[in-house]
Amino acid sequence: MTAVSDLEGLSDHAARNRADWNARAHRYQAEHGQQIAQGAAWGVWQIPEEELNVLGDVTDKDVLEYGCGAAQWSIALARRGARPVGLDLSEGQLTHARRLMAEANVDFPLVHASAEDVPLQDGSFDIVFCDHGAMSFCDPYVTVPEAARLLRPGGLFAFSHVSPLLELCWPVDAAAPTDRLDRDYFSLFRTEEEGRGEVTFNLPYGAWIRLFRAHGFEVLDLLEPRPREDATSSYWDERTHAWARRWPGECIWRLRLRD
């Protein structure tokens, strides 16, 4: 297993997110590691990749996981014949990635860096993806062009994140979303929770599409997965499950970099 580390010139929010994830990496894996251990499943409700077919056949594909955490996804993709690279800003999360890779007897590079400034060559990958990951915790006006740089022509960019609709209905300091619009849709961008170090990002749907097109992407699909009626999650409780059965709580974008 090789490792690359590049943390020069971190943005303010990247430095804050790195500190926050390092502080809670062990607790996060203790709370959620069992749920995400299966690897290739999407979002807080862990909907299997086989059901959604977001990435397609990954055999012999060079794949960058854009904010890999403990690399459960990349481990699963390596077993399916991919050549993954896991990137994460948190050395605490990468410690768990190395442990899980050893337990699974798989080996692939890990990169300790921000997804806003990836120390890898242009056109290195067939697929860049994340399940929440970097696209939730980095500035999309930086990560989207960076993903375009890293992909080969015709490459796939796929990622999940909290839906803008859920953001609008979930007051910043509340424990669960409501059935009312609480936030200003047109000011969606950066969110900071009181008393927490993390900074998250989102955009209105139109802004996402304009950003994608500006950097050479065509939209193949926007999935809005609905949890099963009996689904449970270590992330969200039954109130949020009931909400997500009525309205989309997460989005998964599938994008193709134009030739």
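Residues numbered from 1 in each chain as written. Predicted model: local features only at pLDDT ≥ 70, side-chain atom pairs only at ≥ 80, totals over all residues. Heavy atoms only, no water.

(A) Region of interest: the nonpolar core. Ranked by internal contacts, the top residues of the largest apolar core, which has 30 residues, are Tyr66, Val128, Phe157, Phe159, Trp208 and Phe217. Filtering out sequence-adjacent residues up to four positions away, Phe159 remains in contact with Cys130, Met135, Trp208, Phe212, Cys251, Ile252, Trp253 and Leu255. (Core = buried A, V, L, I, M, F, W, Y, C linked by side-chain atoms within 4.5 Å. Buried < 20%, exposed > 50% of the residue type's maximum accessible area, 1.4 Å probe, protein only. Contact = heavy atoms within 4.5 Å.)

(B) Molecular detail of the packing of aromatic side chains. In total, this model carries 19 aromatic pairs according to the counting rule given. When the centroid spacing of 6.4 Å and the interplanar angle of 80° are considered together, the rings of Tyr66 and Phe157 count as edge-to-face. Here the residue Tyr66 occupies a position in strand S4 (residues 62-66), and Phe157 occupies one in strand S8 (residues 151-162), the gap between them amounting to 91 residues. Here Tyr66 matches Phe157 in class, with each residue buried. Geometrically, the ring pair formed by Phe212 and Trp253 is edge-to-face, given 5.0 Å between the ring centres and 70° between the ring planes. Of this pair, Phe212 sits in helix H8 (residues 205-214) while Trp253 sits in strand S12 (residues 250-257), placing them 41 residues apart in sequence. Of the two residues, Phe212 and Trp253, both sit in the buried class. (Phe/Tyr/Trp six-rings, centres within 6.5 Å; stacked < 30°, edge-to-face > 60°. Helix = DSSP H or I, 4+ residues; strand = E, 2+ residues; numbered from the N terminus.)

(C) Local environment of helix H3 (residues 72-79). Buried residues dominate H3, accounting for six of its eight residues. Those residues of H3 that sit buried are Gln72, Trp73, Ser74, Ile75, Ala76 and Leu77. Gly81 occupies a position one or two residues after H3 and carries a positive phi of about 100°.

(D) Quick peek at the pattern of salt bridges. Across all of its chains, the model carries 19 salt bridges by this definition. Salt-bridge contacts for Arg149 lead to Asp122; the nearest nitrogen and oxygen are separated by 2.6 Å. Linking Arg149 in helix H6 (residues 140-150) with Asp122 in the loop between strand S6 (110-113) and strand S7 (125-131), this pair joins segments that are 27 residues apart in sequence. Given a relative accessible area of 24%, Arg149 falls into the partly exposed group. A cluster of three or more residues bridged by salt bridges with shared partners is formed by Asp60, Asp62, Arg83, Asp126 and Arg152. (Salt bridge = Lys/Arg side-chain N within 4 Å of Asp/Glu carboxyl O.)

(E) A look at the pairing of S12. Along S12, seven of the eight residues are buried, which leaves the element largely enclosed by surrounding structure. By the bridge criterion, seven bridges tie S8 to S12 in an arrangement that is antiparallel. The partner of Val162 across the bridge, within S12, is Glu250. Bridge count for strand S11 (residues 217-223) against S12 is six bridges, and the pairing is antiparallel. Within S12, the residue paired with Val219 across the bridge is Leu255. (Pairing = 2+ DSSP bridges.)

(F) View of the packing of H6 against H8. The N-to-C vectors of H6 and H8 enclose an angle of 35°; their axes lie 10 Å apart at closest approach. In this structure, H6 meets H8 at a crossing whose hand is right-handed. Between H6 and H8, the contacting residues are Pro140, Tyr141 and Val144 on the first element and Ala207, Trp208, Leu211 and Phe212 on the second. Partitioning the contact of H6 with H8 into residue classes produces seven nonpolar, no polar and no charged. (Axes fitted to C-alpha atoms, helices over the stretch in contact; angles between N-to-C directions. Left-handed = near helix turned anticlockwise from the far one by under 90°. Nonpolar A, V, L, I, M, F, W, Y, C, P; charged D, E, K, R; others polar.)

Limitation: the analysis is restricted to geometry and does not speak to function.
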